[in-house]
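As a plain string of letters, each chain reads:
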Amino acid sequence: MPPDTKPTNDQKESEIDLGIFLNLVGKLFSSVAKAIGSFFSFLFQLLLSIFIFIKRKIIWLAAGALAGLSLGLYFYFKDGPVYYSDMVVRSNAGSSMPLYNTIGYFNSLIGDDRIKELTTVFDISEADSRKLIRFEIAPVNDELETVKLYEDFVADYSPNSLANDTQRIIVIKYADFRKNITDISYPLQRIRVYSHSPEIYASIQQGLIRNLEQNKNLLTLHEKFTGVLREEEALLSRSMAGLDSLRVAYYKNIASGNAKGEGGNVVLGSNNKSFSNPEIELYDKEMQLKDALTRIRNKLIEQQTAFRIASNINARGSKVSGYNQEFFEYAWMGLLVSFSLVLLIECYKFLNEMDKRQNRKYPEPDKPTETP
């Protein structure tokens, strides 16, 4: 007899479950595809509506942009083109915040048209003071400067610090340090000055220096900071001298036979776990002190003043490119204002039409007439 090939009940149920599963998966993919298609269709309709709106109102938009451009050209030919010049200042002993405050003070004088004060601060004429536009300040925050800050944070310029380098690196990673550092933490700050005159930038740098030199609190803080560095330098120098005396005494003891030099001996074995070589220890300690002393002296060189000019400002400013001149900004502002006004008018018309439709759909009931 031929074998019975009819499917059993278990096989039928398994095929039914698989069919239901595949059907559900197909519906899911179909729904996702429809949702994606609907999204792109909505996006296309939105862009199309925006372009149609711009096409219908192109005359009004062009008129707004032309009005802004005309106003910008008027100021351009009245005041002249815009120039800029950069300088880089190294702030020491926490002088970044006073530097930012000083730049804010200069901008407030320009914004309030305090011409006489600007003339006094920068020792320029009133005509040149009126040509100042604004000051900008930003840190030189490239990766190299950030790494230097992180090294200073880890080392803390203190070889005897309780929080050693390894512990700090474990607790605060470089990525976290990079994320949380602020602009005023960087020692190098780039200052950019915008003006309608290309000839006043040398006076601007001198005025900035004079203003910062009058900050007595900053100068007092700088003196205290450098005093601490000098004390640490003296301490390390005395330690170096004491180490030299110790080396001389050690060699005298070896020469007299009171001590045994172990420089050429190598002792192996499990019972000599605390083996040490005095000559090597003296050499290692001397190198550590020399490294620490070098760091302190380099720091003192950097901290000669509370701030110093790392890169002088250009005596003659550079002309801002034509696209970045102010008349283009006025043109964009005019275009934006006209677009906003046209959009508000269209919204008002749409709401007015919706109000009329609402009134036609739900008319107000007639008021009963009063009988005499």
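Sequence order sets the numbering: in each chain, residues are counted from 1 along the sequence as written. Given that the model is predicted, a residue must reach a pLDDT of at least 70 before its local features are reported, and side-chain atom pairs must reach 80 or more before they are shown or counted; all residues, however, enter totals for whole chains, interfaces and linings. Hydrogens and water molecules were not included; the side-chain quantities draw on all heavy atoms of the structure.

## Quick look at unusual backbone geometry
Inference 1: For Asp113, which is not a glycine, the phi torsion comes out positive at approximately 55°.
Inference 2: A helix here means a DSSP run of H or I that spans at least four residues, while a strand means a run of E at least two residues long, and both kinds are numbered starting from the N terminus. Its location among the elements puts Asp113 in the loop between α3 (96-111) and α4 (115-122).
Inference 3: Buried means the residue's accessible area, taken with a 1.4 Å probe over protein chains only, is under 20% of the maximum for its type, while exposed means over 50%, and partly exposed covers the values in between. Residue Asp113 is classed as exposed on the basis of its relative accessible area, which comes to 59%.
Inference 4: Here Asp123, not a glycine, exhibits a phi torsion of approximately 55°, which is positive.
Inference 5: Considering the arrangement of structural elements, one finds Asp123 in the loop between α4 and α5 (126-130).
Inference 6: The exposure class assigned to Asp123 is exposed, which follows from its relative accessible area of 60%.

## Topic: the confidence of the model for the protein
Fine structural detail should not be taken from predicted coordinates in areas where pLDDT scores are low.
Inference 1: Mean pLDDT over the protein: 76, with 80% of residues reaching 70 or higher.
Inference 2: For every residue, the predictor assigns a confidence score, pLDDT, that lies between 0 and 100. Note on contacts: a residue pair qualifies if any of its non-hydrogen atoms lie within 4.5 Å across the two residues. Taken as a whole, residues 260-273 scores under 50 in pLDDT and shows 14 contacts with residues more than four places along the chain or in a different chain.

## Some details on the nonpolar core
Inference 1: Take the buried residues of types Ala, Val, Leu, Ile, Met, Phe, Trp, Tyr and Cys, join any two whose side-chain atoms come within 4.5 Å, and each joined set is a nonpolar core. Phe122, Leu132, Phe135, Ile191, Val193 and Leu208 are the most contacted members of the largest nonpolar core, which has 27 residues in total.
Inference 2: Going through the elements one at a time, β1 (83-91), α3, α4, β2 (132-139), β3 (188-195) and α9 (201-213) are the ones with two or more residues in this core.
Inference 3: Each residue touching Phe122, except ones within four places of it in the same chain, is listed here: Phe106, Leu132, Phe135, Ser203, Ile204, Gly207, Leu208 and Arg210.
Inference 4: With eleven residues, the next largest nonpolar core counts Leu229, Tyr250, Leu282 and Leu289 among its residues.

## Let's talk about the packing of α3 against α9
Inference 1: To obtain an axis, a line is fitted to C-alpha atoms, over the contacting stretch when the element is a helix, and the angle between two such axes runs from 0 to 180 degrees between their N-to-C directions. Relative orientation of the contacting elements α3 and α9 amounts to 125°, with a least axis distance of 11 Å. Taken as axis vectors, α3 and α9 run oblique relative to one another. As α3 packs across α9, the resulting crossing turns out to be right-handed. Seen from α3, the contacting residues are Pro98, Leu99, Thr102, Ile103, Tyr105 and Phe106; seen from α9, they are Leu208, Asn211 and Leu212.
Inference 2: A per-class count over the contact of α3 with α9 returns seven nonpolar, two polar and no charged. Roughly parallel means an angle under 35 degrees; roughly antiparallel means over 145; roughly perpendicular covers 65 to 115; every other angle is labelled oblique. Crossing handedness: left-handed means the near helix sits turned counterclockwise from the far one by under a right angle, and right-handed means the same turn made clockwise. We call Asp, Glu, Lys and Arg charged. Ala, Val, Leu, Ile, Met, Phe, Trp, Tyr, Cys and Pro are nonpolar, and the rest, Gly among them, are polar.

## Points about the packing of aromatic side chains
Inference 1: Within 6.5 Å between ring centres, the rings of Phe, Tyr and Trp (the latter by its six-membered ring) count as paired, and their orientation is classed by plane angle as stacked under 30 degrees, edge-to-face over 60, tilted in between. Tallying each qualifying case throughout the model produces eight aromatic pairs.
Inference 2: Here the aromatic rings of Tyr105 and Phe106 are separated by 5.9 Å at their centres, their planes lie at 45°, and the arrangement is tilted.
Inference 3: You can call Phe106 buried: its relative accessible area is 0%.

## Notes on the pattern of salt bridges
Inference 1: Just to be clear on terms, a salt bridge is a Lys or Arg side-chain nitrogen sitting within 4 Å of an Asp or Glu carboxyl oxygen. Tallying each qualifying case throughout the model produces seven salt bridges.
Inference 2: Its salt-bridge partner being Asp86, residue Arg192 comes within 2.7 Å of it at the nearest N-O pair. Of this pair, Arg192 sits in strand β3 while Asp86 sits in strand β1; the two residues are 106 residues apart in sequence, bridging distant segments of the chain.
Inference 3: Two residues, Glu145 and Lys148, come together in a salt bridge whose shortest N-O distance is 3.9 Å. Of this pair, Glu145 and Lys148 are both found in helix α6 (residues 143-155), three residues apart, which corresponds to roughly one turn of the helix.

## Quick notes on the side chain of Glu145
Inference 1: On the basis of relative accessibility, which here comes to 9%, the residue Glu145 falls in the buried class.
Inference 2: Not counting chain neighbours up to four residues away, the residues in contact with Glu145 comprise Val140, Tyr186, Pro187 and Leu188.

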